[in-house]
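Per-entry structural report
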Amino acid sequence: TLLRSASAYHAFRRMHPRAVEPEDVAKFLLFDTRLPRSISHCIGEIKTMVLLLEESFGLANASRAHTQTDAILAGLVQAAGDPDLVENLHTFNDWTQLSLIALANELGYVFFGYQPPEETPAQTQTQAHA
């Protein structure tokens, strides 16, 4: 059901034709960079776009956004190798959500002129996972 709701069922079955195991589904949706809906793919695209916008428009204050995307990508790589990922999935999802909120706040500040983001627990946790 989760794969179908993410429009990823057929892509998953191409990669895992024999069985649908919950751990494989979680890892596919989180870490498979070939799946455009995976967290890893989306963060990679955000990193690419931040760099493109920075270079195209000369925004000098985007370095924190770069640092945050790098930290999230490093955390994803670390989590992908975690043999206890399924048992720690709730903690990992919390970290991911807080990291994305902090990144969204930073992007709003850098590119749209919103108020500067305050230091959040996610930034501290992101740095701890890096």
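Residues numbered from 1 in each chain as written. Predicted model: local features only at pLDDT ≥ 70, side-chain atom pairs only at ≥ 80, totals over all residues. Heavy atoms only, no water.

Quick notes on the packing of aromatic side chains
All told, the structure shown has three aromatic pairs when counted by the stated rule. Measuring from centroid to centroid gives 5.9 Å for Phe31 and Phe92, while their planes differ by 55 degrees, and the two rings are tilted. One end of the pair, Phe31, is in helix H3 (residues 22–31); the other, Phe92, is in helix H6 (residues 89–112), with 61 residues separating them in the sequence. Exposure class is identical for Phe31 and Phe92. Each is buried. Taking 5.8 Å as the distance between ring centres and 35 degrees as the angle between the ring planes, the aromatic pair formed by Phe92 and Trp95 counts as tilted. Taken together, the positions of Phe92 and Trp95, both in helix H6 and three residues apart, correspond to about one turn of that helix. Each member of the pair, Phe92 as well as Trp95, is classed as buried. Ring pairing ties together the aromatic residues Phe31, Phe92 and Trp95, which thus form one cluster. (Phe/Tyr/Trp six-rings, centres within 6.5 Å; stacked < 30°, edge-to-face > 60°. Helix = DSSP H or I, 4+ residues; strand = E, 2+ residues; numbered from the N terminus. Buried < 20%, exposed > 50% of the residue type's maximum accessible area, 1.4 Å probe, protein only.)

Here we look at the side chain of Ser40
Mapped onto the elements, Ser40 comes out in helix H4 (residues 39–57). Apart from the residues lying within four places of it in its own chain, the contact partners of Ser40 are Leu30, Phe31, Thr33, Leu73 and Leu76. (Contact = heavy atoms within 4.5 Å.)

Focus: the pattern of salt bridges
With the rule as written, the count across this model stands at four salt bridges. For the salt bridge of Lys27 with Glu23, the shortest nitrogen-to-oxygen distance reads 3.3 Å. Linking Lys27 with Glu23, this pair stays in helix H3, spanning four residues, or about one helical turn. On the accessibility criterion, Glu23 (33% relative accessible area) is partly exposed. As a salt-bridge pair, Asp32 and Arg34 come within 2.8 Å of each other at their nearest N and O atoms. (Salt bridge = Lys/Arg side-chain N within 4 Å of Asp/Glu carboxyl O.)

Concerning the confidence of the model for the chain
Confidence in the prediction for the chain averages 84 pLDDT; 89% of positions are at 70 or higher. Taken element by element, the chain is modelled with least confidence in helix H7 (residues 121–129), mean pLDDT 53, and with most confidence in helix H5 (residues 63–80), mean pLDDT 93. (pLDDT = per-residue confidence, 0-100.)

Digging into H5
An ideal rise of 1.5 Å per residue puts 26 Å on 18 residues; H5 measures up with 26 Å between its terminal C-alpha atoms. Three or more residues of H5 are buried, namely Ala65, His66, Gln68, Thr69, Ala71, Ile72, Gly75, Leu76 and Ala79. (Expected span 1.5 Å × (residues − 1).)

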